[in-house]
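Structural overview
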Amino acid sequence: MTFAHSFGARSDIFKDAKRHGLSTLLNDLLHREDDRIPFDILINGQFLRTTVDEFLTKNGINAETTLEVEYTRALVPPLNVTSFEHDDWVSAVDVLSQSSPVGAWSGGVQDGQERILSASYDGLLRVWNTSGDVLATSEAPNNGGRITSLKAAKWLSDKKFVAAGMDNTVRLYKYDDDTRTITTSLELFSHRWGVEDVAVHGPSSRILSASSDCTIALFSSNAKENPAAASNLLPNSTAASNKRQKLSKPDRTVPARGALASFTGHSSPVSSVIFKPDDATVAYSASHDHTLKTWDLPTSTCVDTRTTAHSLLSLCAIPSRNLLATGTSARHITLIDPRVSATQISVMTLRGHKNAVVSLDTDPSSEYNLASGSHDGTVQIWDLRNVSTGGQVGEGQVGESLHTISRHGQSGPMKGHGEGFKVFSVNWDKEVGIVSAGEDKRVQINRALGS
């Protein structure tokens, strides 16, 4: 609900009015006596956080100027709904719902049948319902003694998901909601070090993985499309012992395949990778080497590199604005225009976290809102129209967060910063809410009242 009007800066409606006064006036004009709506007021595209006179003075606007005024339903603070406890740190969460991308790929998910996928440092995957019941738990993978801690997991369809972690392997799993079972159906090998992130595109059956070995790999979820896996990448395999293994071991119970393509160009670990939302032949990657790269997947080439001032730890797309949001080691979020024609690296900088920003997701109901998870133990909620002043040269506009979500324990809110409270993953879903996971061994759900 957004409405716009033009008013003169000297209009009586603005005279010394503060934002909450205008919100009250708008409810009166809409004849909402009992069911009052909290509104945010925007003047010339910026939130009004002071009196109008103060806004005009601060922005150097003449009192004779005509102002474009918008009023929109305010984003109210999301409340803690519930949390699910695990045995170890929870590294990743993903939601299957009617409005999620994978829900659309799968032909829709019935109301009440939402599922939450979680990946943990104990090497296990779990599927939950929104009541906090564990519907299924995977078995620990047989990986030849490698460390099994998982770092990433994504639904591919309502019956399949992908996960990867520190044992260098990307795995495809089948999930049966009727029998409540999880089985490994395919193992994919390309990386020599741990996998930090995965991205999926259901319609094309494509999977991307980002690794600490500085590479990105492209796979198909259809086993036969992938080439044979390199023997030296298989668990317990070396070039010298591979022949003996073939003679002494029968065929693997789970198919092993290699990558359709491997992408090199980053000089430090690749922290995050995504498909371009409207074109799955294009991908973006963020790295500790300070760069954001654009890849043309059919030709396996890097077509653009944007160099920033800090290590990049997370990445998500804001399609309506043609922007990418990147979380940094320097505690802020940088918004970048990835188009080749763009002349400025940083379009906007979002400041408010007190530690590294390691996960990002957009509001499915708004083109302006963003959620970020950080090692400071919080999830911050942002509106790209909430602009402040005083940014440094090269940062573009500077934004401030609207709300802070802290971790919750059994006895109420935990302290926000320090060991034990890092947030590792955040997912914003229209039906379920803001789902986050972290070092406190919990998946937490927050939702605004009435949503």
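Let me sum up the structure you'll find in this document. (Residues numbered from 1 in each chain as written. Predicted model: local features only at pLDDT ≥ 70, side-chain atom pairs only at ≥ 80, totals over all residues. Heavy atoms only, no water.)

1. Side note on the overall build of the protein chain
Stated precisely, the cut-off is as follows: We count a stretch as a helix when DSSP gives it H or I for four or more residues in a row; a strand needs E for two or more, and each element gets its number in order from the N terminus. Each residue is placed in one exposure class: buried if its accessible area under a 1.4 Å probe, protein chains only, is under 20% of its type's maximum, exposed if it is over 50%, and partly exposed if it falls in between. Any two residues whose heavy atoms approach within 4.5 Å are treated as being in contact. Values of accessible area rely on a 1.4 Å probe in the Shrake-Rupley scheme; residue burial ignores everything except the protein chains shown.
The helix and strand inventory of the protein chain stands at 4 helices and 35 strands. Across the 451 residues in the protein chain, those meeting the buried criterion constitute 52%. Intrachain contacts of the protein chain at a sequence separation of at least 6 include 57% that bridge at least 24 residues. Counting every atom, the protein chain has about 20,300 Å² of accessible surface; 47% of that belongs to carbon and sulfur.

2. Quick notes on the packing of aromatic side chains
For clarity, the threshold we go by: For this analysis, a ring pair means two rings from Phe, Tyr or Trp (six-membered ring only for Trp) whose centres lie within 6.5 Å, classed as stacked if their planes differ by under 30 degrees, edge-to-face if by over 60, and tilted for the remaining angles. For a Lys NZ or an Arg CZ to count as sitting over a ring, it must be within 6 Å of the ring centre and within 35 degrees of the ring normal.
Applying the stated rule across the entire model yields 8 aromatic pairs. Aromatic side chains Phe 84 and Trp 128 sit 5.0 Å apart centroid to centroid with 20° between the ring planes, which places their arrangement in the stacked category. On the criterion of sequence distance, the pair formed by Phe 84 in strand E5 (residues 79-85) and Trp 128 in strand E8 (residues 125-128) is long-range, its members being 44 residues apart. A residue is classified by how much of its surface remains accessible, and Phe 84, at 3% relative accessible area, is buried. What makes Trp 128 buried here is its relative accessible area of 4%. Seen in terms of ring centroids, Trp 155 and Tyr 175 are 5.9 Å apart; in terms of plane orientation they differ by 75°. Their pairing is edge-to-face. With a gap of 20 residues between them, Trp 155 in strand E10 (residues 150-157) and Tyr 175 in strand E12 (residues 169-176) connect regions that are remote in the sequence. For the pair Trp 155 and Tyr 175, one class covers both residues: buried. One aromatic cluster is present, built from ring pairs that chain together Trp 155, Phe 161, Tyr 173 and Tyr 175. Sitting over the ring of Tyr 368, Arg 385 keeps its end group 3.8 Å from the ring centre.

3. Here's the deal with the sheet that holds strand E22 (residues 301-307)
Two pairing modes exist for strands in a sheet, parallel and antiparallel, and in both the strands are linked by backbone hydrogen bonds. Heads up, the condition is: Note on pairing: two strands pair once DSSP finds at least 2 bridges between them. All axes are obtained by fitting lines to C-alpha atoms, using only the stretch in contact for helices, and the reported angles, taken between N-to-C directions, cover 0 to 180 degrees.
One open sheet holds the 4 strands; their spatial order is E19-E20-E21-E22, and the pairing between them is antiparallel. Whereas interior strands pair on both sides, the edge strands pair on one side only; in this sheet they are strand E19 (270-276) and E22. Geometrically, the sheet is characterised by an average inter-axis angle of 20° between neighbouring strands, direction not taken into account. For strand E20 (residues 279-287) and strand E21 (residues 291-296), the ladder comprises 5 bridges, and the chain directions are antiparallel. Bridge pairing links Tyr 284 to Thr 294 in E21.

4. Examining the side chain of Lys 293
Here is the rule we go by: Charged-residue counts in this description rest on Lys and Arg as positive and Asp and Glu as negative, His and the chain ends being excluded. A pair is scored as a salt bridge if a Lys or Arg side-chain nitrogen falls within 4 Å of a carboxyl oxygen belonging to Asp or Glu. The term polar contact refers here to a pair of N or O atoms within 3.5 Å; inside protein, the definition further demands a hydrogen-donor-capable atom paired with an acceptor-capable atom, and it admits residues adjacent in sequence only when both atoms are side-chain atoms.
Position of Lys 293 among the secondary structure elements: in strand E21. Despite being buried, Lys 293 has no salt bridge partner; Asp 289 is the closest side chain of opposite charge, sitting 5.7 Å away. A polar atom in the side chain of Lys 293 sits 2.9 Å from the side chain of Thr 305. The contact partners of Lys 293, leaving out residues within four places of it in the chain, are Gly 265, His 266, Ala 283, Tyr 284, Ser 285, Cys 302, Asp 304 and Thr 305.

5. Concerning the environment of Ser 406
Tracing the chain through its elements places Ser 406 in strand E30 (residues 397-406). Between the C-alpha atom of Ser 406 and that of Gln 444, which follows or precedes it by 38 residues, the distance is 9.8 Å. In this structure Ser 406 touches Gly 377, Thr 378 and Gln 444, once residues within four positions along its chain are discounted.

6. Comments concerning the nonpolar core
The nonpolar side chains of a soluble globular protein tend to be buried with one another. Which entries qualify depends on this criterion: Definition of nonpolar core: a set of buried residues of the types Ala, Val, Leu, Ile, Met, Phe, Trp, Tyr and Cys, connected through side-chain atoms within 4.5 Å.
Leu 117, Leu 125, Val 127, Trp 155, Phe 161, Tyr 175 and Ile 182 are the most contacted members of the largest nonpolar core, which has 18 residues in total. Elements supplying a minimum of two residues to this core: strand E6 (90-96), strand E7 (115-120), E8, strand E9 (134-137), E10, strand E11 (160-165) and E12. Element by element, the count of residues in this core is highest for E10, at 3 residues. In this structure, Leu 186, Val 195, Val 198 and Phe 219 belong to the second largest nonpolar core, which totals 15 residues.

7. Some thoughts on the side chain of His 332
Checked against the element boundaries, His 332 lands in the loop between strand E24 (323-328) and strand E25 (333-336). Overall, the relative accessible area of 6% leaves His 332 in the buried class. Contact partners of His 332, with chain neighbours within four places excluded, come to His 310, Thr 326, Gly 327, Thr 349, Leu 350, Arg 351 and Val 357.

8. Examining the environment of Ser 366
Relative to the helices and strands, Ser 366 is located in the loop between strand E27 (357-362) and strand E28 (369-374). Residues Ser 366 and Ser 320, spaced 46 residues apart in sequence, show a C-alpha to C-alpha distance of 9.6 Å. One polar contact links the side chain of Ser 366 to the main-chain amide nitrogen of Tyr 368, over a distance of 3.1 Å.

9. What to know about the pairing of E24
Most of E24 sits inside the fold, with 6 of its 6 residues counted as buried. Burial along E24 is two-sided: the face carrying Leu 323, Ala 325 and Gly 327 and the face carrying Leu 324, Thr 326 and Thr 328 are both buried. Relative to E24, strand E23 (residues 312-318) runs antiparallel, the two sharing 6 bridges. Directly across from Ile 318, in E24, lies its bridge partner Leu 323.

10. A look at the sheet that holds E27
A sheet is described by the order of its strands in space; here 8 strands give the open sequence E23-E24-E25-E26-E30-E29-E28-E27, paired in mixed fashion. The open sheet is flanked by E23 and E27, the only strands paired with a single partner. Averaged over all neighbouring strand pairs, the angle between strand axes comes to 30°, with direction disregarded.

11. Looking at the pairing of E6
A regular strand places its side chains so that they alternate between the two faces of the sheet. Most of E6 sits out of view: 7 of its 7 residues are buried. Where E6 lies against E7, 6 bridges are found, and the strand directions are antiparallel. Pairing of Ala 92 across the sheet is with Ala 119, part of E7.

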